[in-house]
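# Report on the structure
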Amino acid sequence: MDRRQNKTQLGIKEVFIHLLSESPIDKITVSRISELADINRGTFYLHYHDVYDLHDQIVTELIADMTAIFNTTYPTTTENYSSFKTLSYQLVTYIATHQTTVDVLLNQQQVGTIVFKKIKKTFIQKALTLEIDLSDNIPDKIEINFIVSGIMGLIIDFISHELPITAEELYQNIYNLLLKL
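Within each chain, residues carry numbers counting from 1 in the order of the written sequence. Only residues with pLDDT of 70 or above have their local features reported here, since the model is predicted, and side-chain atom pairs are shown and tallied only from 80 upward, although totals for entire chains, interfaces and linings are computed over all residues. By convention in this description, side-chain values take in all heavy atoms of the structure and omit both hydrogens and water.

This brings us to the nonpolar core. What is meant by a nonpolar core is a set of buried Ala, Val, Leu, Ile, Met, Phe, Trp, Tyr and Cys residues, joined one to another through side-chain atoms within 4.5 Å. Accessibility here uses a 1.4 Å probe with only protein chains present; expressed as a share of the type maximum, an area under 20% marks a residue as buried, one over 50% as exposed, and anything in between as partly exposed. Grouped together as the largest cluster of nonpolar side chains are 51 residues, with contacts concentrated most on Phe16, Ile33, Leu54 and Met66. Here this core takes 9 residues from helix H4 (residues 51-73), the largest share from any one element. We call two residues contacting when some pair of their heavy atoms lies within 4.5 Å. Sequence-distant contacts of Ile33, defined by excluding residues within four places in its chain, comprise Ile12, Val15, Phe16, Leu19, Ile28, Phe44, Val51 and Leu54. Here a helix means four or more residues in a row that DSSP labels H or I, a strand means two or more in a row labelled E, and each is numbered from the N terminus.

In structure tokens form, the structure reads like this:
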């Protein structure tokens, strides 16, 4: 994809997120997105089938990006806990960079819960896959679920400004918590 297409898609996504912050998805039209993004409807349809496809692609990209961070930084051995610091830092930095998008997606009625559950489920599955010896151990599964849920809760509170700290403080606190476990 060339730079012009990337710029067009970025513009469409930014307008969509802005509209989604003000209205439910079923009230957002391709016409309104096209008008605000200063494109014609045909250009929108070159990239997306409809507003729901646009929404799904944004969610899919966020999950894929966070999963890639998780996959590349999750510790591969129990001696490699410094990787938790890298994991915490990269996840929090990514989320802080995309804070508006993540906030809007997570605060949608009903859909936000689905997005949260998808991210949480993905991280739990990845952790269990990487921790092969835990796959049939219920207490360890519960521990991983608890850790992922706790971290997701902190991130949601950070995004929604209910946790008045910087991204740096958040990642450092998450890392320190992970070291205690």
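In this section: the pattern of salt bridges. Side-chain pairs of opposite charge can arise where the charged atoms are in close proximity. By definition here, a salt bridge exists when the distance from a side-chain nitrogen of Lys or Arg to a carboxyl oxygen of Asp or Glu is within 4 Å. In the structure shown here, the tally under the stated rule is 2 salt bridges. Between Glu61 and Lys13 there is a salt bridge whose closest N-O contact spans 2.7 Å. Note that Glu61 is positioned in helix H4 and Lys13 in helix H1 (residues 3-22), a separation of 48 residues in sequence. In this structure, Glu35 and Arg32 form a salt bridge, with 3.0 Å as the shortest nitrogen-oxygen distance. Of the two residues, Glu35 and Arg32 are both situated in helix H2 (residues 30-37); the distance of 3 residues between them amounts to about one turn of the helix. Residue class for Arg32 comes out partly exposed when judged on its relative accessible area of 36%.

With that settled, the discussion passes to the packing of H1 against helix H6 (residues 99-106). Contact geometry for H1 and H6: axes closest at 9 Å, N-to-C directions at 40°. It follows from the interaxial angle that H1 and H6 lie oblique. The crossing of H1 and H6 is left-handed. Taking contact as the criterion, the partners of Ile17, Leu20 and Ser21 in H1 are, on H6, Thr100, Thr101, Val104 and Leu105. Any residue that is not Ala, Val, Leu, Ile, Met, Phe, Trp, Tyr, Cys, Pro, Asp, Glu, Lys or Arg is counted as polar, Gly included; the first ten are nonpolar and the last four charged. For the contact of H1 with H6, a count of residues per class yields 4 nonpolar, 3 polar and no charged. All axes are obtained by fitting lines to C-alpha atoms, using only the stretch in contact for helices, and the reported angles, taken between N-to-C directions, cover 0 to 180 degrees. When describing relative orientation, an angle under 35 degrees is termed roughly parallel and one over 145 degrees roughly antiparallel, while 65 to 115 degrees is termed roughly perpendicular and anything else oblique. Two helices cross in a left-handed way if the nearer one is turned anticlockwise from the farther one by less than a right angle. They cross in a right-handed way if the turn is clockwise.

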